[in-house]
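# Geometric and topological summary
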Amino acid sequence: MRIIYMGTPDFAVPSLEEIHKAGHEVVYVVTQPDAVRDRGKKVKFSPVKEKAIELDIPVLQPLKVRGDEEFIETLRAAQPDVIAVAAYGQILPKEVLDIPRLGCINVHGSLLPRFRGAAPIQRSIIAGDEETGITIMYMEEGLDTGDMLAKRSTPIGMKTGQQLHDELAVMGAELLVETLPKLEEITGEKQDDALSTYAPMLSKKEGHVDFSKTPEEIERVIRAFDPWPGTYFYYGDKMVKLHAGATLKSGEYDEEVLKGASAGTVLAADVNGLDIACNGGVLRVTEIQMPGKRRVEIKEYLKGNSIEIGTVLG
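Residues numbered from 1 in each chain as written. Predicted model: local features only at pLDDT ≥ 70, side-chain atom pairs only at ≥ 80, totals over all residues. Heavy atoms only, no water.

### What to know about the side chain of Ser 15
Relative to the elements of secondary structure, Ser 15 occurs in helix H1 (residues 13-21). Ignoring sequence-local partners within four residues, the contact set of Ser 15 consists of Tyr 5, Val 107, Gly 172, Ala 173 and Leu 176. (Helix = DSSP H or I, 4+ residues; strand = E, 2+ residues; numbered from the N terminus. Contact = heavy atoms within 4.5 Å.)

This is how it looks when you write it as structure tokens:
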């Protein structure tokens, strides 16, 4: 099968590898333009470009797909059977969607119509969903609204954003390769728009912990935002990053102590962790990172430092 593959970050690398391994003819790889780092001194290739170079596949990097007639004509001239997409990073116009004989298909990191949008993996953890997965879907002009071709699920459990990302990247690659040979015969299933939810892009600002939320909600955010954008609170004027946290079971703290503690109050700081009052419970933080320092367990931090009980974290 002649395929044009479009993708950019780490999530999209396994799908490219599996398509190539399966013997399909990858005519072009399309990825975002190279990033410039360190005030223009270094040029960074996308993970997908690095893999394409390794596999000796020609790479195209349009600044903007929409309106780039030369790029679009290059795609037409390639006469692909399919354009396969995974986390490419640009919306494809109708002129591109209409090019391949068997359509454009996308590897999406959720069980559609749940969590359409840019950050479905992290949003599923934050929402407290029990499971998520991969959907292979036809692409259309709407945002992740196309007919669904195949799905595969996995439990979320206590996985971090990174762990779930890596698992779904591999799962998506496997499901994509299984789906490609069936495109001549299968019919897509329409999505129920009434069941759809939106997964907006993550921002660093969202990582600021709101201790007025329940400990369960905060713990999910800590896991979802690991490794990026990360979570943090303010201890005085210092921004402290959180790397691991757990919800304490009810009954582990005296109800009167909790009743008198405002959200964000430090209840304990010892070898077990940093216990912080939240809405209806206690969050135990076990790993932190002070500004300019490496991440450490609380028990290690306390060997040469202290955190005063009763301090209200912001």
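### Regarding the sheet that holds strand S10 (residues 148-155)
Taken in spatial order, the seven strands make up an open sheet running S5-S2-S1-S6-S7-S9-S10, and their pairing is mixed. The open sheet has two edge strands with one neighbour each: strand S5 (59-60) and S10. In the sheet, strand S9 (residues 131-138) pairs with S10 via seven bridges, with the strands oriented antiparallel. Bridge pairing in S10 places Gly 133 opposite Ser 153. Across the sheet, helix H6 (residues 161-179) is in contact with strand S6 (82-86), strand S7 (104-108), S9 and S10; its angle to S10 comes to roughly 145°. (Pairing = 2+ DSSP bridges. Axes fitted to C-alpha atoms, helices over the stretch in contact; angles between N-to-C directions.)

### Quick look at the environment of Val 221
With respect to the helices, strands and loops of the structure, Val 221 is situated in helix H7 (residues 215-224). Residue Val 221 is classed as buried on the basis of its relative accessible area of 16%. A C-alpha to C-alpha distance of 12 Å links Val 221 and Ile 121, two positions 100 residues apart in sequence. When sequence neighbours within four positions are dropped, the list of residues in contact with Val 221 reads Ile 126 and Thr 231. (Buried < 20%, exposed > 50% of the residue type's maximum accessible area, 1.4 Å probe, protein only.)

### Section: the packing of H1 against H6
Contact geometry for H1 and H6: axes closest at 8 Å, N-to-C directions at 35°. Crossing hand, H1 versus H6: right-handed. Between H1 and H6, the contacting residues are Pro 14, Ser 15, Glu 18 and Ile 19 on the first element and Ala 169, Val 170, Gly 172, Ala 173, Leu 176 and Val 177 on the second. Counted by class, the contact of H1 with H6 contains seven nonpolar, two polar and one charged residues. (Left-handed = near helix turned anticlockwise from the far one by under 90°. Nonpolar A, V, L, I, M, F, W, Y, C, P; charged D, E, K, R; others polar.)

### Some points on the pairing of strand S15 (residues 273-278)
Counting buried residues along S15, six of its six residues qualify, which places the element largely inside the surrounding structure. Here strand S14 (residues 266-270) pairs with S15 via four bridges, running antiparallel. Of the residues in S15, the one forming a bridge with Ala 268 is Asp 275. Counting the residues in the hairpin turn of S14 and S15 gives two residues. Across five bridges, the pairing between S15 and strand S16 (residues 281-289) is antiparallel.

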